[in-house]
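Observations on chain architecture
Okay, here's what each chain looks like letter by letter:
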Amino acid sequence: MGKNFIHASRIRHAARKRKDRSKYQTLRKLIDDNAYKIEPSKPLKNGKLFKYWKNRRRLFSKIDSSSIYMTDELWFSVTPERIACFLANFVKACIPNGERILDVFCGGGGNTIQFAMQFPYVYGVDYSIEHIYCTAKNAQSYGVDDRIWLKQGSWKKLISKGKLSKIKYDCVFGSPPWGGPEYLRSEVYDLEQHLEPMGITKMLRSFLKLSPNVIMFLPRNSDLEQLSRATRKVLGLFAKCKVLYVKENGYMKGMLCMWGECFLNYEPEAQENKKIELCSEDEELPREQKDEPSATKGDKSIDIYDING
Ligand SMILES: C[S@@+](CC[C@H](N)C(=O)[O-])C[C@H]1O[C@@H](n2cnc3c(N)ncnc32)[C@H](O)[C@@H]1O
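With an unreviewed UniProt entry as reference, the protein is termed Trimethylguanosine synthase, source organism Saccharomyces arboricola. Database annotation for the protein, UniProt heading Sequence similarities (unreviewed entry): "Belongs to the methyltransferase superfamily. Trimethylguanosine synthase family."

On to the site of the ligand. Surveying the vicinity of the ligand reveals 21 residues, the closest of which are Thr79, Gly108, Asn111, Asp126 and His131. The backbone of tryptophan 155 places a nitrogen or oxygen atom 2.9 Å from a nitrogen atom of the ligand. In the complex, 95% of the free accessible area of the ligand, which totals 600 Å², lies under the protein chains. When its residues are assigned to classes, the shell around the ligand shows seven nonpolar, twelve polar and two charged.

Moving on to the side chain of aspartate 126. Take aspartate 126: it is sitting in strand β3 (residues 121-126). We note that aspartate 126 is buried and unpaired, the nearest opposite charge coming from lysine 23 at a distance of 12 Å. Only 2.8 Å separates the side chain of aspartate 126 from the backbone nitrogen of glycine 107, close enough to count as a polar contact. Contacts of aspartate 126, omitting those with residues within four sequence positions, involve Val104, Phe105, Cys106, Gly107, His131, Ile132, Lys151, Gln152 and Gly153.

Attention shifts here to helix α7 (residues 110-118). By the criterion of burial, α7 is predominantly enclosed, with seven of the nine residues buried. Packing partners of the buried residues in α7 comprise α6 (81-94), β2 (100-103), β3, α8 (129-141), β4 (148-152) and β5 (171-174).

It is the contact of helix α10 (residues 200-208) with helix α11 (residues 224-235), at a shortest axis distance of 9 Å, that shows an interaxial angle of 45 degrees. Taken together, α10 and α11 sit at an angle that is classed as oblique. The element α10 and its partner α11 pack so that their crossing is right-handed. Side by side, α10 and α11 meet where Ile200, Thr201, Leu204, Arg205 and Leu208 of the first sit next to Gln226, Leu227, Ala230, Thr231, Lys233, Val234 and Leu235 of the second. Looking at the contact of α10 with α11, its residues break down into seven nonpolar, three polar and two charged.

With the rule as written, the count across this model stands at eight salt bridges. Measuring nitrogen to oxygen at the nearest pair gives 3.8 Å for the salt bridge that ties glutamate 248 to lysine 253. When salt bridges with common partners are traced through the structure, they connect Arg56, Arg57 and Asp64 into a single cluster.

Moving on: the side chain of aspartate 170. Here aspartate 170 shows up in the loop between α9 (155-160) and β5. It turns out aspartate 170 is buried and unbridged, and the closest side chain with the opposite charge, lysine 168, is 4.8 Å from it. In this view, aspartate 170 contacts Ile95, Gly98, Glu99, Arg100, Ser211 and Asn213; residues no more than four positions away in its chain are not counted.

Soluble globular proteins tend to bury their nonpolar side chains together. Counting residues in hydrophobic clusters, the biggest one holds 98 residues, and the most contacted among them are Val91, Leu102, Trp155, Leu227, Leu256 and Phe263. Counting residues per element, this core draws most heavily on α6, which supplies eight residues.

Together, Arg21, Lys157, Lys161, Lys163 and Lys166 make up a region of like positive charge exposed at the surface. Position of lysine 157 among the secondary structure elements: in helix α9. Judged by relative accessible area, which is 53%, lysine 157 ranks as exposed.

How each quantity is defined
- Residues numbered from 1 in each chain as written.
- Predicted model: local features only at pLDDT ≥ 70, side-chain atom pairs only at ≥ 80, totals over all residues.
- Heavy atoms only, no water.
- UniProt positions renumbered as here; feature names shortened; annotations may be inferred.
- Near = heavy atom within 4 Å.
- Polar contact = N/O pair within 3.5 Å; in protein donor to acceptor, adjacent residues only side chain to side chain.
- Areas by Shrake-Rupley, 256 points an atom, 1.4 Å probe, with all protein chains shown as cover.
- Nonpolar A, V, L, I, M, F, W, Y, C, P; charged D, E, K, R; others polar.
- Helix = DSSP H or I, 4+ residues; strand = E, 2+ residues; numbered from the N terminus.
- Buried < 20%, exposed > 50% of the residue type's maximum accessible area, 1.4 Å probe, protein only.
- Lys, Arg positive; Asp, Glu negative; His and termini not counted.
- Salt bridge = Lys/Arg side-chain N within 4 Å of Asp/Glu carboxyl O.
- Contact = heavy atoms within 4.5 Å.
- Axes fitted to C-alpha atoms, helices over the stretch in contact; angles between N-to-C directions.
- Parallel < 35°, antiparallel > 145°, perpendicular 65-115°, else oblique.
- Left-handed = near helix turned anticlockwise from the far one by under 90°.
- Core = buried A, V, L, I, M, F, W, Y, C linked by side-chain atoms within 4.5 Å.
- Patch = residues over 30% accessible without salt bridge, like charges linked within 9 Å, V, L, I, M, F, W, Y side chains within 5 Å.
- Charge placed at Lys NZ, Arg CZ, Asp CG, Glu CD.

Okay, here's the thing in structure tokens:
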């Protein structure tokens with residue numbers, strides 16, 4: 001299933017078989033050293049990560065009871081489990097017959113694992129072989145590694161070489177790097193300058209090459225005007241983007257931006273899945289609006305989903 005991908009349950013085999021390439025040597029070493037395994041009883045050596053370690057169960061609920069693997073970077077970039085779980089349920093409700101999901105920046109598997117709880121074929125891409133390894137190991141701990149296929153590579157290269165286009169994905173999701181915890185330094189996050197590895201317009205175009213249904217997890221202070229402009233530039237003047245602000249523990253964690261009819265037309269009441277409690281209303285993004293989430297200003301073009309209900 002996907003010749004270019006490594007099956008998450010067979011990374012040891014893949015690392016042994018493909019001897020020639022240095023990335024597989026690295027993978028073999030990571031596996032042999034059982035690298036990056038978190039010892040819940042031992043706080044991390046890097047003191048700067050202490051606040052993330054304290055909240056570790058929000059990232060992976062199994063972190064104290066099962067083997068979970070994290071690089072330093074993953075502590076501040078993994079999608080918290082309840083958000084990832086909500087998103088996977090939401091996508092399932094919007095695309096009930098969907099089978100294949102691509103997670104473009106799979107990191108430590110926060111989203112990949114939750115998608116695999118809902119969909120039979122989940123593909124994860126990341127340019128860090130360490131993160132590919134962490135995703136595979138974490139997926140094994142969650143018992144969903146048999147549904148996950150992984151590929152190491154730079155998104156730009158993979159997309160320009162058409163390496164991923166043989167599979168028909170029902171949805172392409174990506175939680176791209178926001179540039180570290182500093183993303184909140186400025187009031188408004190510049191989606192063209194600071195999003196990695198490319199600005200929002202190019203990123204949207206690249207995702208749409210693989211599926212008409214696209215979701216990105218973006219900073220909560222993202223520039224909505226840029227989002228609106230990118231949507232119109234790539235999909236046409238009347239195109240819409242649905243934005244859902246996600247709160248956890250009273251804290252706004254980020255926004256889920258969605259493109260595609262299945263998301264725009266989704267009516268929560270009509271679905272059987274009662275776990276999803278959304279008050280959705282999709283409208284075109286307001287063109288003038290730039291600052292904070294409009295829902296806080298009484299405007300209904302943007303939804304807020306509080307993970308705590
Ligand atoms: C915010 S993290 C994703 C976290 C992930 N959703 C999770 O829950 O674990 C972003 C990931 O993108 C990867 N990445 C950064 N630049 C990339 C690129 N050009 N191509 C592919 N992956 C990239 C990083 O290695 C990192 O793992």
